[in-house]
Amino acid sequence: MTGTGAQGAADGETDGRAGGQVDGDGGDVVVERPEDRPGVPDGFGRLWVPHRMAYIGGEGKPEDDAAGSGCPFCRVQSLPDEEGLVVARGEVAFVVLNLYPYNSGHLLVCPDRHVADYTDLTPEEIDEVARLTQTAMRVVRAVSHPAGFNLGMNQGDVAGAGIAAHLHQHVVPRWAGDANFLPIVGRSRALPELLADTRDRLAAAWPRG
Ligand SMILES: [Zn+2]
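Owing to the predicted nature of the structure, the values given are computational and were not obtained by experimental measurement.

### Quick word on the pairing of strand 4 (residues 86–89)
Working step 1: Pairing analysis gives three bridges linking strand 4 to strand 5 (residues 93–97), with the strands arranged antiparallel. By the bridge assignment, alanine 88 is partnered in strand 5 with valine 95.
Working step 2: Between strand 4 and strand 5, which pair antiparallel and follow one another directly, the connecting turn spans three residues.

Written as structure tokens, this is what we have:
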């Protein structure tokens, strides 16, 4: 019943290929490494396991607060969009799928700059994070018709920020009944869609220019 059990069973078959994603021309399978993915672990196990490699070990959480390759939100900026699950890029901020989504289409809007506190954002960053948040809502609404959203930033570890050192605004689509008994009883959540597919759909719907 729990995601942990499913992952444990699946781990035995892991050979470095399973769980990978097919590259652009549909040929070779590439291995996804957890350290190449952005995300904020929420403590839930998962019923699906396509990205199970990411849930083993450190869960992508940086060991310190430094910018650079140790921070998933810094690192993802140097990856191709598909690989990093980046949905859109602005001038000073970008939008990425959360690797540990609360719901399908759970997006994170991040400044490019490695900065922790909202009060440290420049006016330009404040503006673009806000505008990208609006666009994210419009795109998710057009693609998957949620009934509502949760928006917000957790500031600091104590407030629940999984990666406190690099600010990220959550855009979480909500549907009636999405918080059913499974998360409460089983610490598991069923997600109907692969993250790569979600990214492709949202990126395709994102307005250009
Ligand atoms: Zn960073």
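Structure's up, so let's keep going.
### Some words on the UniProt feature "binding site: substrate" (unreviewed entry) in the chain
Working step 1: Residues annotated in UniProt with the feature "binding site: substrate" (unreviewed entry) correspond here to Asn98 and His170. Spanning 73 residues, the annotated positions come together in the fold, the maximum distance between their C-alpha atoms being 8.5 Å.
Working step 2: Position of histidine 170 among the secondary structure elements: in strand 8 (residues 169–174).
Working step 3: Note on histidine 170: 19 C-beta atoms within 10 Å, which makes it partly exposed.
Working step 4: Beyond its immediate chain neighbours, meaning those up to four positions away, histidine 170 contacts Leu108, Asn150, Leu151 and Gly152.

### Points about the packing of helix 4 (residues 123–144) against helix 6 (residues 195–205)
Working step 1: The N-to-C vectors of helix 4 and helix 6 enclose an angle of 115 degrees; their axes lie 9 Å apart at closest approach. Classed by the angle they form, the pair helix 4 and helix 6 counts as roughly perpendicular. Between helix 4 and helix 6 lies a crossing of right-handed hand. Touching Val139, Val140, Ala142 and Val143 of helix 4 are Arg201, Leu202 and Ala205, all from helix 6.
Working step 2: Considered class by class, the residues forming the contact of helix 4 with helix 6 number six nonpolar, no polar and one charged.

### What about the nonpolar core?
Working step 1: Core analysis: the biggest nonpolar cluster contains 30 residues, and Val87, Val95, Val96, Leu107, Val109, Cys110 and Ala136 have the highest contact counts within it.
Working step 2: At the level of secondary structure, the elements contributing two or more residues to this core comprise helix 2 (72–75), strand 4, strand 5, strand 6 (107–111), helix 4, strand 8 and helix 6.

### Let's talk about helix 4
Working step 1: Between its first and last C-alpha atoms helix 4 spans 31 Å; for 22 residues at 1.5 Å apiece the expected length is 32 Å, and the two agree.
Working step 2: For helix 4, every residue scored as buried is listed here: Glu125, Glu128, Val129, Leu132, Ala136, Val139 and Val140. Down the axis of helix 4, the smallest arc covering the buried residues is 100 degrees, so these residues share one side. Turned more than 90 degrees away from the buried face of helix 4 sit Pro123 and Gln134, all of them exposed.
Working step 3: The inward-facing, buried residues of helix 4 abut strand 4, strand 5, strand 6, strand 8 and helix 6.
Working step 4: In the stretch just after helix 4, histidine 145 is the one whose phi turns positive, near 50 degrees.

### Observations regarding the environment of aspartate 65
Working step 1: Turning to its location among the elements, aspartate 65 is positioned in the loop between strand 3 (45–46) and helix 2.
Working step 2: Look at aspartate 65 and you get partly exposed, because 13 C-beta atoms sit within 10 Å.
Working step 3: Sequence separation between aspartate 65 and isoleucine 163 is 98 residues, and the spatial gap between their C-alpha atoms is 8.5 Å.

### A look at the pairing of strand 5
Working step 1: Most of strand 5 is tucked away, with five of its five residues classed as buried.
Working step 2: Side chains of strand 5 alternate between two faces, with Ala93, Val95 and Leu97 and Phe94 and Val96 buried alike.
Working step 3: Across five bridges, strand 5 lies against strand 6 in antiparallel orientation. If you follow phenylalanine 94 over to strand 6, its bridge partner there is cysteine 110.

### Brief notes about unusual backbone geometry
Working step 1: The backbone of leucine 85 sits at a positive phi, close to 60 degrees, despite the residue not being glycine.
Working step 2: Here leucine 85 shows up in the loop between helix 3 (81–84) and strand 4.
Working step 3: Residue leucine 85 is classed as buried on the basis of its 28 C-beta neighbours within 10 Å.
Working step 4: We note that histidine 145 has phi near 50 degrees; this positive angle belongs to a residue other than glycine.
Working step 5: Topologically, histidine 145 is positioned in the loop between helix 4 and strand 7 (148–152).

Criteria and thresholds
- Residue positions are given per chain, counted from 1 along the sequence in the order it is written.
- Under the rules for a predicted model, residues below a pLDDT of 70 receive no local features and side-chain atom pairs below 80 are neither given nor counted, while totals for whole chains, interfaces and linings still include all residues.
- One requirement defines pairing of two strands: DSSP has to find at least two bridges between them.
- Numbering goes from the N terminus for both helices and strands, where a helix is a DSSP run of H or I of at least four residues and a strand is a run of E of at least two.
- UniProt positions are given in the numbering used here, feature names are shortened, and annotations may be inferred rather than shown by experiment.
- Any residue surrounded by 20 or more other C-beta atoms within 10 Å of its C-beta is treated as buried, while 12 or fewer makes it exposed and the intermediate range makes it partly exposed; C-beta atoms here are placed from the backbone.
- Placing a C-beta atom from the backbone of each residue, one calls two residues in contact when those atoms lie within 7 Å.
- Angles run from 0 to 180 degrees between N-to-C directions of axes, and those axes are lines fitted to C-alpha atoms, restricted for helices to the stretch in contact.
- For classification purposes, an angle smaller than 35 degrees is called roughly parallel, one larger than 145 roughly antiparallel, one from 65 to 115 roughly perpendicular, and anything else oblique.
- Each helix crossing is assigned a hand: it is left-handed if the near helix lies turned anticlockwise from the far helix by less than a right angle, otherwise right-handed if that turn is clockwise.
- Three residue categories are used. Nonpolar comprises Ala, Val, Leu, Ile, Met, Phe, Trp, Tyr, Cys and Pro, charged comprises Asp, Glu, Lys and Arg, and polar comprises the others, including Gly.
- Remark: nonpolar core denotes a set of buried Ala, Val, Leu, Ile, Met, Phe, Trp, Tyr and Cys residues whose joining runs through C-beta atoms within 7 Å.
- A helix is expected to span 1.5 Å multiplied by its residue count minus one.
- In this description, one arc is meant: the one made by directions from the helix axis to the C-beta atoms.

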